[in-house]
Amino acid sequence: MQSQEKIQVNQLTKVFFKNKERVMALKDINFSIKNGEFVCILGPSGCGKTTLLRILAGLEKSSSGDHRIHASRTNHPLQSMVFQEQGVIPWMTVQENVSLGLRMRHVPKNHIKERTKTYLQKVGLTPYADLYPKELSGGMKQRVSIARAFANDPEILLMDEPFAALDEQNKFILQEELLSIWEETKKTVIFITHSIDEAILLSDRIFLMSAQPGTIKDEVKVDLPRPRQMTQVRSDPKMADVFLKIWNHLQTEVQESRIKSER
Amino acid sequence: MHRMKRRGDRAVEELNKAVEVEKEGLRRRQRNNRIKQVLTISSPIFMLLIWEVLSQTAIIDPRFFPPPTKIIETLVGMGTSGELFEHVQVSLIRILAGFLLGVIPAITLGLLMGMYSAIRHFFSPLIMALMPIPTLALLPLILIIFGIGEFSKIVTIAASVFFPVVINTAAGVTNIDKIYADVAKNYGANPTDFFLKIALPGAMPVMMEGIQMGQAIALLTIVAAEMIGANSGIGYVIWMNYKAFLIPEMFVGLILISFFGYLFSLLLRGLQSKLIPWK
């Protein structure tokens, strides 16, 4: 079960036209992710990582190539996405937001109630269940977003820079909370980020992307024992090496794309 | 030990002082708010007082500007005779029926236009072309088509309410942040759920603004329509009394319009906070 292939992406390519100019957003993306793996996709802005995630989320279509998410159960959604900052729906209460996926799938009422309650509790939002998002802080909104995705009980989770807009302290707290919920469910996760620290803390593997055309250049394994904590990751000398390796990759990438755009 | 305690006392004293200062600030703010409230209430009273004095002393011509006390006296007289009640009732029924007849199709079409770009592209030139024509200018046409009965007045109001509501509803839907549509799609919303849970509530704030506008226009239209082609209603009261040079009676009509305009906007504001609790 553990080594089963969960996500397979073959020769995925995405081209779009911007002001009649052809942009190669993604080129020949190939990877496979095992069941229960936590994978971060890391790259400079504009490298197409969000496009890749949106294709996996069914919000965009690839130009060529294909991708598959293997379902282990019936009656469950293939994937659910945790969106960037503004993804919490303002006219629904915290509770209604968390139960959104379950309500859209029209599962039995008592099942909705039970799962919503469980995940509200897991992210510590039970006292705020009936509030509207305008009354929540940025960190609390992202907790809603995370609870909503987990409550929906999909085969895999897709996360699009969910903590990018948070301040440093909140980010640390939410990263560890995410890890502890994830440890309980062991769902397969693809997590987009541009923060190296975040990628190292969370992932089993990190895919490094380059821009224009967006391709996966390299892959880094992070074999720290779990459960992990930020302090422990920070103090591990091996991780400092990993950080440097990724840093150098990103540096060259950013410089190359600058040279390209100046040409 | 002793000195420590003294220092502790001083800290408590400092804290008390700080709390006192803030309390004083709070009290000042409350006083300011009360003054503002008094100003809001007193301005109409003040104006009526000046009007009364100027009219009683004949500085302004009391034939054209009868003193408010006289107008109130007339209002009471017209009210007790029962004739006024009838006119008010007729106007209110026309407004309500016309309002509903305009708002319901406008919301339906507006939502469809917002959700489907094909429908939007088909209807928006028609709406843009018809909107600038004042409904009152269409009154002769409406009278020819629908006759001089009640229905033609209702249609006139419906037509004038329709445009602001349809435009605002369509804009309300198209202005919904795209990310909410993505969320709905990703979480598997079917078209009905999307309509009820995303498009309708998301468009509600801008739509309600359109309805507020429509309400104001409805009042304007009914009075004008009743002045031109009716023998009942508040507009008729104003026009007939003007023609008969019964100026206090005419003012009664004006006061009624002001009152109902204010009442309607209060009602709609109440409805708005019920429908949009999340704003």
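All figures in this text were calculated on a predicted structure; none of them were measured in a lab.

Asker: Is there a simple way to explain the overall build of chain B in this structure?
Answerer: If you tally the helices and strands in chain B, you get 10 helices and 0 strands. Listing each helix as α and each strand as β along chain B from the N terminus yields α-α-α-α-α-α-α-α-α-α. In terms of overall size, chain B is more extended than a compact globule, its C-alpha atoms giving a radius of gyration of 28 Å where 279 residues would be expected to give roughly 19 Å. Principal-axis analysis of the C-alpha atoms gives chain B an extent of 100 × 70 × 30 Å.

Asker: Would you mind showing me how to read the side chain of A:Thr116 here?
Answerer: Mapped onto the secondary structure, A:Thr116 falls in helix α4 (residues 109–122). Excluding anything up to four places from it in sequence, A:Thr116 contacts A:Gln95, A:Val98, A:Ser99 and A:Leu102.

Asker: Looking at this model, I keep getting lost on the UniProt feature "transmembrane region" (unreviewed entry) in chain B. Mind explaining?
Answerer: All names here are of chain B. Under the UniProt annotation, the feature "transmembrane region" (unreviewed entry) is placed at residues 38–60, 92–114, 126–148, 154–176, 217–239 and 251–271. The span residues 92–114 carries 100% helix and 0% strand; its end-to-end C-alpha distance comes to 32 Å. When the span residues 251–271 is considered, its composition is 100% helix and 0% strand, and the gap between its end C-alpha atoms is 30 Å.

Asker: Honestly, the sheet that holds strand β2 (residues 21–34) of chain A in this entry has me stumped. Any pointers?
Answerer: Note on sheets: strands pair through backbone hydrogen bonds, and any given pair is parallel or antiparallel. Residues and elements named next belong to chain A. Strands sit in the order β2-β1-β4 across an open sheet of 3 strands; the sheet is antiparallel. Two strands close off the open sheet at either side, each with one partner strand: β2 and β4 (64–69). Between one strand axis and the next, the sheet turns through 20° on average, direction left out of account. Relative to β4, strand β1 (residues 5–18) runs antiparallel, the two being bridged by 5 bridges. Each bridged residue has a counterpart across the sheet, and for Asn10 the counterpart in β4 is Asp66.

Asker: Looking at this model, I keep getting lost on the side chain of A:Arg115. Mind explaining?
Answerer: If you trace the backbone, A:Arg115 turns up in helix α4. Not counting residues up to four positions away in its chain, the partners in contact with A:Arg115 are A:Leu102, A:Phe150, A:Ala151 and A:Asp153.

Asker: Looking at this structure, I do not really get the nonpolar core. What am I missing?
Answerer: The nonpolar side chains of a soluble globular protein tend to be buried, and buried together. Core analysis: the biggest nonpolar cluster contains 134 residues, and A:Phe31, A:Leu178, A:Ile190, A:Phe191, A:Ile200, A:Ile206 and A:Ile246 have the highest contact counts within it. Apart from the residues lying within four places of it in its own chain, the contact partners of A:Ile246 are A:Leu42, A:Ile196, A:Ile200, A:Ile206, A:Leu208 and A:Val220.

Asker: Help me understand the packing of aromatic side chains in this model?
Answerer: Given two aromatic rings, one states the distance between the centres and the angle between the planes to describe the pair. Evaluated as defined, the whole model comprises 15 aromatic pairs over all chains. Grouping aromatic residues by their ring pairs yields a cluster made of A:Phe38, A:Phe163, A:Trp182 and A:Phe191. Lying over the aromatic face of A:Tyr119, A:Lys122 brings its terminal NZ or CZ to 5.7 Å of the ring centre. Residue placement shows B:Arg63 over the ring face of B:Phe64; its charged tip is 5.5 Å from the ring centre.

Asker: Could you clarify how one ought to interpret the pattern of salt bridges in this entry?
Answerer: Opposite charge on two side chains permits them to pair, given that their charged atoms come into close proximity. All names here are of chain A. Throughout the structure, instances matching the rule amount to 23 salt bridges over all chains. Ionic pairing is found between Asp153 and Arg115, a salt bridge with its closest N-O pair at 4.0 Å. Here Arg115 lies in helix α4 and Asp153 lies in the loop between α5 (138–151) and β6 (156–160), a separation of 38 residues in the sequence. Judged by relative accessible area, which is 17%, Arg115 ranks as buried. Here Asp197 makes a salt bridge to Arg234, at a shortest N to O gap of 3.0 Å. Residue Asp197 is found in helix α7 (residues 196–202), and its partner Arg234 is found in helix α8 (residues 230–235); the two are separated by 37 residues along the sequence. If you follow the salt bridges from partner to partner, you end up with Lys6, Arg73, Arg115, Asp153, Glu155 and Lys187 in one network.

Asker: Looking at this structure, I do not really get the UniProt feature "domain: ABC transporter" (unreviewed entry) in chain A. What am I missing?
Answerer: Per the UniProt record, "domain: ABC transporter" (unreviewed entry) is annotated on residues 7–236 of chain A. Between the C-alpha atoms that bound residues 7–236 of chain A there is a distance of 30 Å. The span itself is 33% helix and 28% strand.

Asker: Can you walk me through the interface of chain B and chain A in this structure?
Answerer: Reports of interface size often rely on the accessible area that becomes lost once the parts have come together. Facing the 20 residues of chain B at the interface are 26 residues of chain A. Of the roughly 2000 Å² buried between chain B and chain A on both sides combined, carbon and sulfur atoms contribute 63%. The three residues of chain B that bury the most area against chain A are B:Asn186, B:Tyr187 and B:Trp278, which together make up 38% of that side's buried surface. Counting across the chain B and chain A interface gives 1 salt bridge. As a salt-bridge pair, B:Asp182 and A:Arg54 come within 2.9 Å of each other at their nearest N and O atoms. Residue assignment for the side of chain B that touches chain A shows that the elements contributing at least two residues are α7 (178–186) and α8 (191–229) of chain B. In terms of residue count, α7(B) provides more of the side of chain B that touches chain A than any other element does, 7 residues in total.

Asker: Quick question: what am I supposed to make of the sheet that holds strand β8 (residues 205–210) of chain A here?
Answerer: Residue and element names in this part refer to chain A. Pairing in this open sheet of 6 strands is mixed, and the strands run β5-β6-β7-β3-β8-β9 from one edge to the other. Edge positions in the sheet fall to β5 (79–82) and β9 (215–221), since each has one partner strand and no second. Neighbour-to-neighbour, the strand axes of this sheet turn through a mean angle of 20°, independent of strand direction.

Asker: Can you walk me through the packing of helix α6 (residues 150–174) of chain B against α8(B) in this structure?
Answerer: The angle between the axes and the distance between the axes are what describe a pair of packed helices. All names here are of chain B. Direction vectors running N to C along α6 and α8 enclose 160°, while the axes themselves pass 7 Å from each other. Looking at the two axes, α6 sits roughly antiparallel to α8. Once α6 is placed against α8, the crossing between them reads as right-handed. The class makeup of the residues in the contact of α6 with α8 is 14 nonpolar, 10 polar and 2 charged.

Asker: Whenever I open this one, α5(A) confuses me. Can you help?
Answerer: Residues separated by three or four positions in an α-helix point in the same direction, a consequence of the helix having 3.6 residues per turn. Residues and elements named next belong to chain A. Taking 1.5 Å of rise per residue, the 14 residues of α5 would be expected to cover 20 Å, and the 20 Å separating its terminal C-alpha atoms lies within 8% of that figure. With 12 of its 14 residues buried, α5 lies for the most part within the structure. Along α5, the positions that sit buried rather than exposed are Gly139, Met140, Gln142, Arg143, Val144, Ser145, Ile146, Ala147, Arg148, Ala149, Phe150 and Ala151. Downstream of α5 by a residue or two, Asp153 has a phi angle that is positive, lying close to 50°.

Asker: Would you mind showing me how to read the UniProt feature "domain: ABC transmembrane type-1" (unreviewed entry) in chain B here?
Answerer: Residues given the UniProt feature "domain: ABC transmembrane type-1" (unreviewed entry) here are residues 88–268 of chain B. For residues 88–268 of chain B, the end-to-end C-alpha separation is 20 Å, with 86% helix and 0% strand making up the annotated structure.

Conventions used here
Residues numbered from 1 in each chain as written. Chains lettered and ligands numbered in written order. Predicted model: local features only at pLDDT ≥ 70, side-chain atom pairs only at ≥ 80, totals over all residues. Heavy atoms only, no water. Helix = DSSP H or I, 4+ residues; strand = E, 2+ residues; numbered from the N terminus. Rg over C-alpha atoms; globule rule 2.2 N^0.38 Å. Contact = heavy atoms within 4.5 Å. UniProt positions renumbered as here; feature names shortened; annotations may be inferred. Pairing = 2+ DSSP bridges. Axes fitted to C-alpha atoms, helices over the stretch in contact; angles between N-to-C directions. Core = buried A, V, L, I, M, F, W, Y, C linked by side-chain atoms within 4.5 Å. Buried < 20%, exposed > 50% of the residue type's maximum accessible area, 1.4 Å probe, protein only. Phe/Tyr/Trp six-rings, centres within 6.5 Å; stacked < 30°, edge-to-face > 60°. Lys NZ or Arg CZ within 6 Å of the ring centre and 35° of its normal. Salt bridge = Lys/Arg side-chain N within 4 Å of Asp/Glu carboxyl O. Buried area = accessible area lost by both parts, 1.4 Å probe. Parallel < 35°, antiparallel > 145°, perpendicular 65-115°, else oblique. Left-handed = near helix turned anticlockwise from the far one by under 90°. Nonpolar A, V, L, I, M, F, W, Y, C, P; charged D, E, K, R; others polar. Expected span 1.5 Å × (residues − 1).

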